[in-house]
Amino acid sequence: MKKHNYSAGPSILPQEVFEKASKAVLDFNNSGLSILEISHRSKDFVAVMDEARALALDLLGLTGKGYQALFLQGGASTAFLMAPYNLMKENGKAAYLDSGTWATAAIKEAKLFGETVVVGSSKDDNYTYVPKGYEIPADADYFHCTSNNTIFGTQMKEFPTTNIPVVCDMSSDIFSRVLDFSKFDIIYAGAQKNMGPAGATLVVVKEEILGKNGRTIPSMLDYSKHIKAESMYNTPSVFPVYVSLLTLQWIKEKGGIAAVEKLNNAKAELLYNEIDRNPLFKGAAAVEDRSNMNVTFLLTNADHTETFDKLWKEAGISGLPGHRSVGGYRASIYNAMPIESVQVLVDVMKALETKI
Ligand SMILES: *Cc1c(COP(=O)(O)O)cnc(C)c1O
(Lines give C-alpha, C1' and ligand atoms only; values in the text may rest on other atoms or scores of the structure.)
Protein backbone atom coordinates (compact mmCIF):
# COMPACT_ATOMS: atom_id res chain seq x y z
CA MET A 1 0.00 0.00 0.00
CA LYS A 2 1.19 3.51 -0.81
CA LYS A 3 2.34 5.30 2.36
CA HIS A 4 1.49 8.81 3.51
CA ASN A 5 4.94 10.26 2.91
CA TYR A 6 5.90 13.19 5.15
CA SER A 7 9.60 13.08 4.25
CA ALA A 8 11.32 16.49 4.05
CA GLY A 9 13.29 15.65 0.93
CA PRO A 10 13.57 13.79 -1.31
CA SER A 11 9.86 13.81 -0.88
CA ILE A 12 6.39 13.11 -2.18
CA LEU A 13 5.51 13.86 -5.80
CA PRO A 14 2.08 13.64 -7.43
CA GLN A 15 1.06 10.05 -8.15
CA GLU A 16 0.36 10.96 -11.81
CA VAL A 17 3.94 12.16 -12.07
CA PHE A 18 5.30 8.85 -10.77
CA GLU A 19 3.14 7.00 -13.29
CA LYS A 20 4.10 9.12 -16.30
CA ALA A 21 7.77 9.06 -15.29
CA SER A 22 7.79 5.29 -14.98
CA LYS A 23 6.27 4.95 -18.46
CA ALA A 24 8.97 7.20 -19.91
CA VAL A 25 11.65 4.97 -18.36
CA LEU A 26 10.35 2.10 -20.51
CA ASP A 27 9.28 3.97 -23.64
CA PHE A 28 9.64 7.72 -24.00
CA ASN A 29 7.13 9.40 -26.36
CA ASN A 30 6.54 6.09 -28.20
CA SER A 31 10.10 6.32 -29.48
CA GLY A 32 10.99 2.73 -28.67
CA LEU A 33 13.68 4.13 -26.37
CA SER A 34 13.88 4.82 -22.65
CA ILE A 35 14.34 8.44 -21.59
CA LEU A 36 17.39 7.12 -19.74
CA GLU A 37 19.18 6.11 -22.94
CA ILE A 38 18.53 9.00 -25.35
CA SER A 39 20.89 11.86 -26.16
CA HIS A 40 20.31 15.06 -24.25
CA ARG A 41 20.76 16.76 -27.66
CA SER A 42 17.92 14.73 -29.21
CA LYS A 43 14.91 16.70 -30.43
CA ASP A 44 12.66 15.04 -27.86
CA PHE A 45 14.81 15.96 -24.89
CA VAL A 46 15.60 19.48 -26.07
CA ALA A 47 11.82 19.97 -26.19
CA VAL A 48 11.58 18.79 -22.56
CA MET A 49 14.27 21.21 -21.42
CA ASP A 50 12.74 24.12 -23.36
CA GLU A 51 9.26 23.46 -22.01
CA ALA A 52 10.48 23.02 -18.42
CA ARG A 53 12.40 26.31 -18.57
CA ALA A 54 9.48 28.19 -20.12
CA LEU A 55 6.88 26.68 -17.80
CA ALA A 56 8.90 27.51 -14.67
CA LEU A 57 8.95 31.18 -15.69
CA ASP A 58 5.29 31.05 -16.70
CA LEU A 59 4.16 29.67 -13.31
CA LEU A 60 6.23 32.29 -11.47
CA GLY A 61 4.75 35.08 -13.61
CA LEU A 62 8.19 36.00 -14.94
CA THR A 63 7.79 35.40 -18.67
CA GLY A 64 9.05 38.34 -20.72
CA LYS A 65 10.53 40.10 -17.70
CA GLY A 66 14.21 39.54 -18.39
CA TYR A 67 14.56 36.28 -16.48
CA GLN A 68 16.03 32.94 -17.51
CA ALA A 69 15.27 29.58 -15.92
CA LEU A 70 18.03 26.97 -15.73
CA PHE A 71 18.12 23.37 -14.58
CA LEU A 72 21.58 22.82 -13.14
CA GLN A 73 23.31 20.24 -10.97
CA GLY A 74 25.10 20.28 -7.65
CA GLY A 75 22.01 21.02 -5.59
CA ALA A 76 21.14 24.15 -3.67
CA SER A 77 24.50 23.67 -1.95
CA THR A 78 26.32 24.58 -5.17
CA ALA A 79 23.98 27.55 -5.66
CA PHE A 80 25.27 28.76 -2.25
CA LEU A 81 28.66 29.46 -3.80
CA MET A 82 27.40 30.45 -7.24
CA ALA A 83 25.70 33.51 -5.73
CA PRO A 84 28.93 35.12 -4.48
CA TYR A 85 30.89 33.90 -7.51
CA ASN A 86 28.46 35.60 -9.89
CA LEU A 87 27.51 38.68 -7.87
CA MET A 88 30.14 39.61 -5.25
CA LYS A 89 32.84 42.01 -6.42
CA GLU A 90 36.51 41.56 -5.50
CA ASN A 91 36.71 43.38 -2.15
CA GLY A 92 32.94 43.64 -2.24
CA LYS A 93 30.47 42.49 0.36
CA ALA A 94 27.27 40.55 0.70
CA ALA A 95 24.38 40.71 3.19
CA TYR A 96 22.77 37.54 4.55
CA LEU A 97 19.80 36.72 6.73
CA ASP A 98 20.61 33.84 9.07
CA SER A 99 17.31 32.02 9.54
CA GLY A 100 18.51 28.45 9.93
CA THR A 101 20.92 25.68 9.03
CA TRP A 102 20.71 26.18 5.27
CA ALA A 103 21.14 29.93 5.56
CA THR A 104 24.21 29.29 7.73
CA ALA A 105 25.61 26.97 5.06
CA ALA A 106 25.11 29.67 2.42
CA ILE A 107 26.87 32.22 4.65
CA LYS A 108 29.84 29.89 5.09
CA GLU A 109 30.35 29.77 1.32
CA ALA A 110 29.99 33.54 0.86
CA LYS A 111 32.74 34.10 3.44
CA LEU A 112 35.17 32.38 1.07
CA PHE A 113 34.64 35.23 -1.38
CA GLY A 114 34.57 38.38 0.71
CA GLU A 115 33.01 40.35 3.53
CA THR A 116 29.74 38.74 4.55
CA VAL A 117 27.45 40.76 6.79
CA VAL A 118 24.81 38.84 8.74
CA VAL A 119 22.01 41.41 9.00
CA GLY A 120 19.82 39.36 11.31
CA SER A 121 19.89 35.95 12.99
CA SER A 122 17.51 33.81 15.02
CA LYS A 123 20.28 31.49 16.19
CA ASP A 124 19.75 32.79 19.75
CA ASP A 125 16.49 30.82 19.94
CA ASN A 126 17.50 27.80 17.83
CA TYR A 127 15.90 29.37 14.75
CA THR A 128 12.33 29.05 16.00
CA TYR A 129 11.47 32.39 14.35
CA VAL A 130 12.37 34.45 11.30
CA PRO A 131 14.52 37.52 12.12
CA LYS A 132 12.75 40.82 11.45
CA GLY A 133 13.49 44.54 11.62
CA TYR A 134 16.94 44.20 10.12
CA GLU A 135 18.65 46.68 7.85
CA ILE A 136 20.34 45.79 4.62
CA PRO A 137 23.49 47.82 3.86
CA ALA A 138 22.88 49.75 0.63
CA ASP A 139 26.46 49.17 -0.51
CA ALA A 140 26.30 45.37 -0.40
CA ASP A 141 26.53 43.56 -3.73
CA TYR A 142 23.44 41.51 -2.94
CA PHE A 143 21.13 40.30 -0.16
CA HIS A 144 20.53 36.59 0.44
CA CYS A 145 17.63 35.00 2.29
CA THR A 146 15.96 31.60 2.69
CA SER A 147 12.21 31.73 2.08
CA ASN A 148 11.39 28.55 3.98
CA ASN A 149 13.48 26.95 6.69
CA THR A 150 12.92 23.28 6.03
CA ILE A 151 14.46 22.03 9.25
CA PHE A 152 12.88 24.47 11.72
CA GLY A 153 9.47 24.90 10.09
CA THR A 154 9.56 28.67 9.69
CA GLN A 155 8.75 30.66 6.58
CA MET A 156 9.34 34.25 5.56
CA LYS A 157 5.95 35.91 5.11
CA GLU A 158 7.41 39.21 4.00
CA PHE A 159 10.48 40.11 2.03
CA PRO A 160 12.46 43.32 2.39
CA THR A 161 12.43 46.04 -0.20
CA THR A 162 15.93 46.98 -1.24
CA ASN A 163 17.74 48.42 -4.23
CA ILE A 164 20.41 45.74 -4.29
CA PRO A 165 19.89 42.35 -5.96
CA VAL A 166 17.95 39.84 -3.86
CA VAL A 167 18.94 36.17 -3.94
CA CYS A 168 16.56 33.68 -2.38
CA ASP A 169 16.90 29.99 -1.58
CA MET A 170 13.35 28.71 -2.19
CA SER A 171 14.27 25.03 -2.12
CA SER A 172 11.42 23.95 0.13
CA ASP A 173 8.59 26.27 -0.88
CA ILE A 174 9.05 27.02 -4.57
CA PHE A 175 5.71 26.89 -6.46
CA SER A 176 3.79 26.60 -3.18
CA ARG A 177 2.51 30.17 -2.78
CA VAL A 178 2.00 33.31 -4.79
CA LEU A 179 4.67 35.97 -4.31
CA ASP A 180 5.77 38.89 -6.42
CA PHE A 181 8.66 36.89 -7.84
CA SER A 182 9.90 39.92 -9.78
CA LYS A 183 11.21 41.24 -6.44
CA PHE A 184 13.93 38.59 -6.62
CA ASP A 185 16.97 38.60 -8.88
CA ILE A 186 18.08 35.03 -8.31
CA ILE A 187 15.79 32.28 -7.04
CA TYR A 188 17.16 28.78 -6.64
CA ALA A 189 15.68 25.52 -5.46
CA GLY A 190 16.90 21.96 -5.27
CA ALA A 191 14.26 19.91 -7.08
CA GLN A 192 13.90 17.25 -4.42
CA LYS A 193 11.64 19.15 -2.02
CA ASN A 194 8.70 20.34 -4.07
CA MET A 195 9.40 19.67 -7.73
CA GLY A 196 11.13 16.44 -8.67
CA PRO A 197 13.73 13.86 -7.77
CA ALA A 198 17.16 14.81 -6.44
CA GLY A 199 19.64 15.78 -9.14
CA ALA A 200 18.37 19.04 -10.60
CA THR A 201 18.44 22.57 -9.23
CA LEU A 202 16.12 25.16 -10.66
CA VAL A 203 17.75 28.58 -10.94
CA VAL A 204 15.75 31.60 -12.04
CA VAL A 205 17.99 34.54 -12.73
CA LYS A 206 17.46 38.09 -13.92
CA GLU A 207 19.92 38.37 -16.76
CA GLU A 208 20.83 42.02 -16.31
CA ILE A 209 22.49 41.47 -12.92
CA LEU A 210 25.11 39.10 -14.32
CA GLY A 211 28.58 39.87 -15.68
CA LYS A 212 29.13 42.91 -13.48
CA ASN A 213 31.41 41.76 -10.67
CA GLY A 214 34.67 41.48 -12.61
CA ARG A 215 35.50 37.97 -11.44
CA THR A 216 36.77 35.18 -13.64
CA ILE A 217 34.21 32.47 -13.03
CA PRO A 218 34.82 28.75 -13.72
CA SER A 219 32.50 27.75 -16.56
CA MET A 220 30.29 25.34 -14.62
CA LEU A 221 29.66 27.99 -11.96
CA ASP A 222 28.99 30.84 -14.37
CA TYR A 223 25.28 31.56 -14.77
CA SER A 224 25.93 33.49 -18.00
CA LYS A 225 27.55 30.43 -19.60
CA HIS A 226 24.58 28.26 -18.64
CA ILE A 227 22.14 30.81 -20.08
CA LYS A 228 24.10 31.03 -23.32
CA ALA A 229 24.07 27.23 -23.60
CA GLU A 230 20.31 27.12 -22.93
CA SER A 231 20.88 25.04 -19.79
CA MET A 232 22.87 22.44 -21.77
CA TYR A 233 26.44 23.56 -21.10
CA ASN A 234 27.17 19.98 -20.15
CA THR A 235 24.94 16.91 -20.01
CA PRO A 236 21.99 17.98 -17.88
CA SER A 237 20.34 15.61 -15.40
CA VAL A 238 17.93 14.35 -18.04
CA PHE A 239 15.57 12.32 -15.86
CA PRO A 240 15.22 14.81 -12.94
CA VAL A 241 14.54 17.57 -15.47
CA TYR A 242 11.86 15.44 -17.14
CA VAL A 243 10.18 14.57 -13.85
CA SER A 244 10.33 18.24 -12.82
CA LEU A 245 8.57 19.12 -16.07
CA LEU A 246 5.82 16.61 -15.27
CA THR A 247 5.34 18.25 -11.86
CA LEU A 248 5.24 21.73 -13.38
CA GLN A 249 2.61 20.52 -15.87
CA TRP A 250 0.64 19.08 -12.95
CA ILE A 251 0.72 22.47 -11.18
CA LYS A 252 -0.39 24.20 -14.37
CA GLU A 253 -3.29 21.76 -14.80
CA LYS A 254 -4.36 22.37 -11.19
CA GLY A 255 -4.72 26.06 -12.02
CA GLY A 256 -1.22 27.33 -11.25
CA ILE A 257 0.44 28.40 -8.02
CA ALA A 258 -2.65 30.27 -6.72
CA ALA A 259 -4.79 27.13 -6.89
CA VAL A 260 -2.09 24.99 -5.28
CA GLU A 261 -1.59 27.60 -2.56
CA LYS A 262 -5.26 27.38 -1.57
CA LEU A 263 -4.91 23.65 -1.00
CA ASN A 264 -1.63 24.16 0.84
CA ASN A 265 -3.28 26.67 3.17
CA ALA A 266 -6.14 24.27 3.88
CA LYS A 267 -3.70 21.44 4.69
CA ALA A 268 -1.58 23.62 6.94
CA GLU A 269 -4.63 24.99 8.76
CA LEU A 270 -5.97 21.49 9.37
CA LEU A 271 -2.71 20.36 10.95
CA TYR A 272 -1.87 23.52 12.92
CA ASN A 273 -5.41 23.64 14.30
CA GLU A 274 -4.94 20.14 15.70
CA ILE A 275 -1.50 21.00 17.13
CA ASP A 276 -3.03 24.01 18.88
CA ARG A 277 -6.20 22.20 20.03
CA ASN A 278 -4.63 18.98 21.26
CA PRO A 279 -3.01 19.39 24.71
CA LEU A 280 -0.64 16.51 23.93
CA PHE A 281 1.16 18.53 21.24
CA LYS A 282 2.79 21.90 20.79
CA GLY A 283 4.18 23.69 17.74
CA ALA A 284 7.95 24.16 17.54
CA ALA A 285 7.99 27.44 15.56
CA ALA A 286 6.77 30.96 16.40
CA VAL A 287 3.10 31.11 15.36
CA GLU A 288 3.46 34.11 13.03
CA ASP A 289 6.35 32.47 11.17
CA ARG A 290 4.89 28.99 10.80
CA SER A 291 5.71 27.26 7.54
CA ASN A 292 2.95 25.95 5.31
CA MET A 293 5.36 23.34 3.96
CA ASN A 294 7.23 21.89 6.96
CA VAL A 295 5.12 21.67 10.09
CA THR A 296 7.32 21.10 13.16
CA PHE A 297 5.76 19.99 16.44
CA LEU A 298 6.58 18.23 19.69
CA LEU A 299 4.82 16.07 22.23
CA THR A 300 4.18 18.06 25.41
CA ASN A 301 5.16 14.92 27.34
CA ALA A 302 7.98 12.90 25.79
CA ASP A 303 6.78 9.80 27.66
CA HIS A 304 4.11 9.40 24.97
CA THR A 305 6.69 9.03 22.20
CA GLU A 306 6.50 5.26 21.92
CA THR A 307 2.68 5.18 21.84
CA PHE A 308 2.45 7.98 19.28
CA ASP A 309 5.17 6.51 17.04
CA LYS A 310 3.37 3.16 17.02
CA LEU A 311 0.07 4.84 16.11
CA TRP A 312 1.33 6.82 13.12
CA LYS A 313 3.37 3.91 11.78
CA GLU A 314 0.30 1.66 11.96
CA ALA A 315 -1.67 4.31 10.04
CA GLY A 316 0.77 4.02 7.10
CA ILE A 317 2.58 7.28 7.79
CA SER A 318 6.26 7.56 6.88
CA GLY A 319 8.99 10.16 7.34
CA LEU A 320 7.52 11.99 10.34
CA PRO A 321 10.47 12.26 12.80
CA GLY A 322 11.88 15.78 13.14
CA HIS A 323 15.38 16.82 12.19
CA ARG A 324 17.91 15.93 14.90
CA SER A 325 18.53 19.62 15.64
CA VAL A 326 14.86 20.20 16.56
CA GLY A 327 13.61 16.79 17.68
CA GLY A 328 9.93 15.92 17.84
CA TYR A 329 8.15 15.68 14.54
CA ARG A 330 8.13 17.36 11.15
CA ALA A 331 5.27 16.87 8.74
CA SER A 332 6.38 18.04 5.30
CA ILE A 333 3.18 18.81 3.45
CA TYR A 334 4.52 19.78 0.05
CA ASN A 335 2.28 20.51 -2.96
CA ALA A 336 1.79 16.84 -3.79
CA MET A 337 0.59 15.86 -0.29
CA PRO A 338 -3.17 15.16 -0.46
CA ILE A 339 -5.34 16.70 2.27
CA GLU A 340 -6.66 13.17 2.93
CA SER A 341 -3.18 12.18 4.11
CA VAL A 342 -3.07 15.18 6.45
CA GLN A 343 -6.43 14.07 7.84
CA VAL A 344 -4.91 10.63 8.59
CA LEU A 345 -2.20 12.31 10.67
CA VAL A 346 -4.73 14.53 12.46
CA ASP A 347 -6.86 11.47 13.25
CA VAL A 348 -3.81 9.73 14.73
CA MET A 349 -3.08 12.77 16.91
CA LYS A 350 -6.67 12.70 18.13
CA ALA A 351 -6.46 8.95 18.71
CA LEU A 352 -3.48 9.45 21.00
CA GLU A 353 -5.79 11.27 23.44
CA THR A 354 -7.83 8.10 23.87
CA LYS A 355 -4.76 5.82 24.18
CA ILE A 356 -3.03 7.39 27.16
C1 LIG B 1 17.40 20.82 1.30
C2 LIG B 1 17.78 22.24 1.29
C3 LIG B 1 19.03 22.67 0.84
C4 LIG B 1 20.11 21.72 0.39
O5 LIG B 1 19.83 21.25 -0.86
P6 LIG B 1 20.83 20.29 -1.67
O7 LIG B 1 20.11 20.17 -2.97
O8 LIG B 1 20.92 19.02 -0.90
O9 LIG B 1 22.13 20.96 -1.81
C10 LIG B 1 19.28 24.02 0.82
N11 LIG B 1 18.36 24.91 1.22
C12 LIG B 1 17.15 24.53 1.68
C13 LIG B 1 16.17 25.57 2.11
C14 LIG B 1 16.82 23.19 1.72
O15 LIG B 1 15.61 22.81 2.16
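These figures come from a predicted structure and were not determined experimentally.

**Let's talk about the packing of aromatic side chains**
In this description, a pair of aromatic rings is defined by centroid distance and the angle of the planes.
Then comes step 1: Applying the stated criterion to the full structure yields 11 aromatic pairs.
Then comes step 2: Ring centres of Y85 and F113 lie 4.8 Å apart, and the angle between their planes is 65 degrees; on these two criteria the pair is classed as edge-to-face. In this pair, Y85 is assigned in helix α3 (residues 75-87) and F113 in the loop between α4 (101-110) and β4 (115-121), connecting sequence segments 28 residues apart. Both residues of the pair, Y85 and F113, count as buried.

**A short note on unusual backbone geometry**
Then comes step 1: For the bond running from G9 to P10, omega is -10 degrees, close enough to zero to count as cis.
Then comes step 2: Although it is not a glycine, N30 adopts a positive phi angle of roughly 55 degrees.
Then comes step 3: When you line up the elements, N30 lands in the loop between α1 (15-26) and α2 (43-60).
Then comes step 4: N30 sits in the exposed class, given a relative accessible area of 73%.

**Some details on the sheet that holds strand β14 (residues 329-332)**
Then comes step 1: Taken in spatial order, the 3 strands make up an open sheet running β11-β12-β14, and their pairing is antiparallel. Looking at which strands have only one partner, the edges of the open sheet turn out to be β11 (281-283) and β14. Averaged over all pairs of adjacent strands, the angle between strand axes in this sheet comes to 35 degrees, irrespective of strand direction.
Then comes step 2: When β11 meets strand β12 (residues 294-299), the two strands line up antiparallel, connected through 3 bridges. Of the residues in β12, the one forming a bridge with F281 is L299.
Then comes step 3: Packed onto the sheet, helix α8 (residues 305-314) meets β11, β12 and β14 and runs at close to 25 degrees relative to β14.

**Focus: the packing of helix α7 (residues 256-277) against helix α9 (residues 339-355)**
Then comes step 1: Interaxial distance between α7 and α9 falls to 9 Å at its minimum, and their mutual angle equals 5 degrees. Overall, the two elements α7 and α9 adopt an arrangement that is roughly parallel. Contacts from A266, K267, L270, L271, E274, I275 and R277 in α7 reach I339, V342, Q343, L345, V346, M349, K350 and E353 in α9.
Then comes step 2: The residue inventory of the contact of α7 with α9, partitioned by class, reads 9 nonpolar, 1 polar and 5 charged.

**Here we look at the layout of surface pockets**
Then comes step 1: One number sums up the size of the largest pocket: a volume of about 220 Å³.
Then comes step 2: Every residue along the wall of the largest pocket is listed here: V130, P131, K132, G133, Y134, M156, K157, E158, F159, P160, T161 and D289.
Then comes step 3: Here the residues of the lining of the largest pocket sort into 6 nonpolar, 2 polar and 4 charged.

**Considering the pattern of salt bridges**
Pairing between side chains of opposite charge can happen when their charged atoms approach one another.
Then comes step 1: For the structure on display, the rule yields 12 salt bridges.
Then comes step 2: A salt bridge links D289 to K132, with the nearest nitrogen and oxygen atoms 2.9 Å apart. In this pair, D289 sits in the loop between β11 and β12 while K132 sits in the loop between β4 and β5 (143-146), placing the two residues 157 residues apart along the sequence.
Then comes step 3: With a relative accessible area of 3%, D289 lands in the buried category.
Then comes step 4: A salt bridge links E353 to R277, with the shortest nitrogen-to-oxygen separation between them at 2.7 Å. Of this pair, E353 sits in helix α9 while R277 sits in helix α7; the two residues are 76 residues apart in sequence, bridging distant segments of the chain.
Then comes step 5: Classification of R277 by relative accessible area gives partly exposed; the value is 41%.
Then comes step 6: Linked by salt bridges that have partners in common, E274, R277, K350 and E353 make up one network.

Calculation notes
- Residues numbered from 1 in each chain as written.
- Predicted model: local features only at pLDDT ≥ 70, side-chain atom pairs only at ≥ 80, totals over all residues.
- Heavy atoms only, no water.
- Phe/Tyr/Trp six-rings, centres within 6.5 Å; stacked < 30°, edge-to-face > 60°.
- Helix = DSSP H or I, 4+ residues; strand = E, 2+ residues; numbered from the N terminus.
- Buried < 20%, exposed > 50% of the residue type's maximum accessible area, 1.4 Å probe, protein only.
- Pairing = 2+ DSSP bridges.
- Axes fitted to C-alpha atoms, helices over the stretch in contact; angles between N-to-C directions.
- Contact = heavy atoms within 4.5 Å.
- Parallel < 35°, antiparallel > 145°, perpendicular 65-115°, else oblique.
- Nonpolar A, V, L, I, M, F, W, Y, C, P; charged D, E, K, R; others polar.
- 1 Å grid on protein atoms, 1.4 Å probe; cavity = no way out; pocket = protein on both sides within 12 Å on 5 of 7 lines; lining within 4 Å.
- Points joined across faces, edges and corners; volume = space filled by probe spheres on them.
- Salt bridge = Lys/Arg side-chain N within 4 Å of Asp/Glu carboxyl O.

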